[in-house]
Amino acid sequence: VQLNSNPFICSECEPHCLTCCKNNKNKCLVCENPFLIDNNMSCTVDCKDGYTPVSGKCAPCEVDNCKSCDSNIKTCEECQAPFLLLTDLLKCLIKCPDGYYAKDGKCVECNNCPTCLDVSGRCTACYEGYFLTTFGTCKTNCVDGQVRVGDNCVNCTVDKCKHCDSPEVEDCFE
């Protein structure tokens, strides 16, 4: 099927194209359902990387270096390699910012710490008021009447003692 500006001039359009340009039958204006018009004005089943279906056409994703976006062209779902998706800011970055680590093509927020290792997410430092455990997690600092023993806060055994020695919780200093 074809439609041109002059109804008396008929020419065959590309396969799956219902309406094509009068001067160039390779430029499709309307495709058969479920086909889409790609960026070359040809009919295609799927949009190429960096494009998404919108109103029968393949529209470019608006996020730089985006591989796939949904029908909202401003939202990226996956970045082109080697870029990493930072979903909080809807950006594709070459490196995750502090407080995030790279995992499965995305920047994932560190678990309650300012810096952590890629893939595992193990903390390498803690926020003020926390200490780093041997497992790479951050725990709240010990309060008065407790002392840190390994990765845990242990109560001093002497009554009303504010500061005791580790690991001898019976030795009170204050």
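Residues numbered from 1 in each chain as written. Predicted model: local features only at pLDDT ≥ 70, side-chain atom pairs only at ≥ 80, totals over all residues. Heavy atoms only, no water.

Details of the layout of surface pockets
Empty pockets left among the atoms are what a rolling probe the size of a water molecule brings to light.
Part 1 of the argument: Taken as a whole, the largest pocket spans an internal volume of roughly 170 Å³.
Part 2 of the argument: Around the largest pocket, the lining residues are Leu-84, Lys-95, Cys-96, Pro-97, Asp-98, Gly-99, Tyr-100, Ala-102, Thr-115, Cys-116 and Asp-118.
Part 3 of the argument: Of all the secondary-structure elements, those providing two or more residues to the lining of the largest pocket are strand S11 (100-103) and strand S13 (115-116).
Part 4 of the argument: When its residues are assigned to classes, the lining of the largest pocket shows six nonpolar, two polar and three charged. (1 Å grid on protein atoms, 1.4 Å probe; cavity = no way out; pocket = protein on both sides within 12 Å on 5 of 7 lines; lining within 4 Å. Points joined across faces, edges and corners; volume = space filled by probe spheres on them. Helix = DSSP H or I, 4+ residues; strand = E, 2+ residues; numbered from the N terminus. Nonpolar A, V, L, I, M, F, W, Y, C, P; charged D, E, K, R; others polar.)

Considering a nonpolar patch on the surface
Part 1 of the argument: Together, Leu-18, Leu-29 and Val-30 line one region of the surface with nonpolar side chains, adding up to about 210 Å² of accessible area.
Part 2 of the argument: Along the chain, Leu-18 falls in strand S1 (residues 17-20).
Part 3 of the argument: Taking the relative accessible area as the measure of exposure, Leu-18 reaches 31% and is therefore partly exposed. (Patch = residues over 30% accessible without salt bridge, like charges linked within 9 Å, V, L, I, M, F, W, Y side chains within 5 Å. Areas by Shrake-Rupley, 256 points an atom, 1.4 Å probe, with all protein chains shown as cover. Salt bridge = Lys/Arg side-chain N within 4 Å of Asp/Glu carboxyl O. Buried < 20%, exposed > 50% of the residue type's maximum accessible area, 1.4 Å probe, protein only.)

As for the side chain of Thr-133
Part 1 of the argument: With respect to the helices, strands and loops of the structure, Thr-133 is situated in the loop between strand S15 (130-132) and strand S16 (138-140).
Part 2 of the argument: Filtering out sequence-adjacent residues up to four positions away, Thr-133 remains in contact with Lys-139 and Asp-151. (Contact = heavy atoms within 4.5 Å.)

Comments concerning the environment of Thr-137
Part 1 of the argument: Mapping Thr-137 onto the fold places it in the loop between S15 and S16.
Part 2 of the argument: Between the C-alpha atom of Thr-137 and that of Cys-126, which follows or precedes it by 11 residues, the distance is 8.2 Å.
Part 3 of the argument: Beyond its immediate stretch of four places on either side in the chain, Thr-137 contacts Cys-123, Cys-126, Phe-131 and Leu-132.
Part 4 of the argument: A polar contact is formed between the side chain of Thr-137 and the side chain of Thr-133, at a distance of 2.7 Å. (Polar contact = N/O pair within 3.5 Å; in protein donor to acceptor, adjacent residues only side chain to side chain.)

Structural notes on the pairing of strand S18 (residues 152-155)
Part 1 of the argument: Relative to S18, strand S17 (residues 146-149) is paired through four bridges, and the arrangement is antiparallel. Paired with Gln-146 across the two strands is Asn-155, which belongs to S18.
Part 2 of the argument: Taking the residues that link successive antiparallel strands as the turn, the S17-S18 hairpin has two residues, and the phi of Gly-150 there is positive, at about 65 degrees. (Pairing = 2+ DSSP bridges.)

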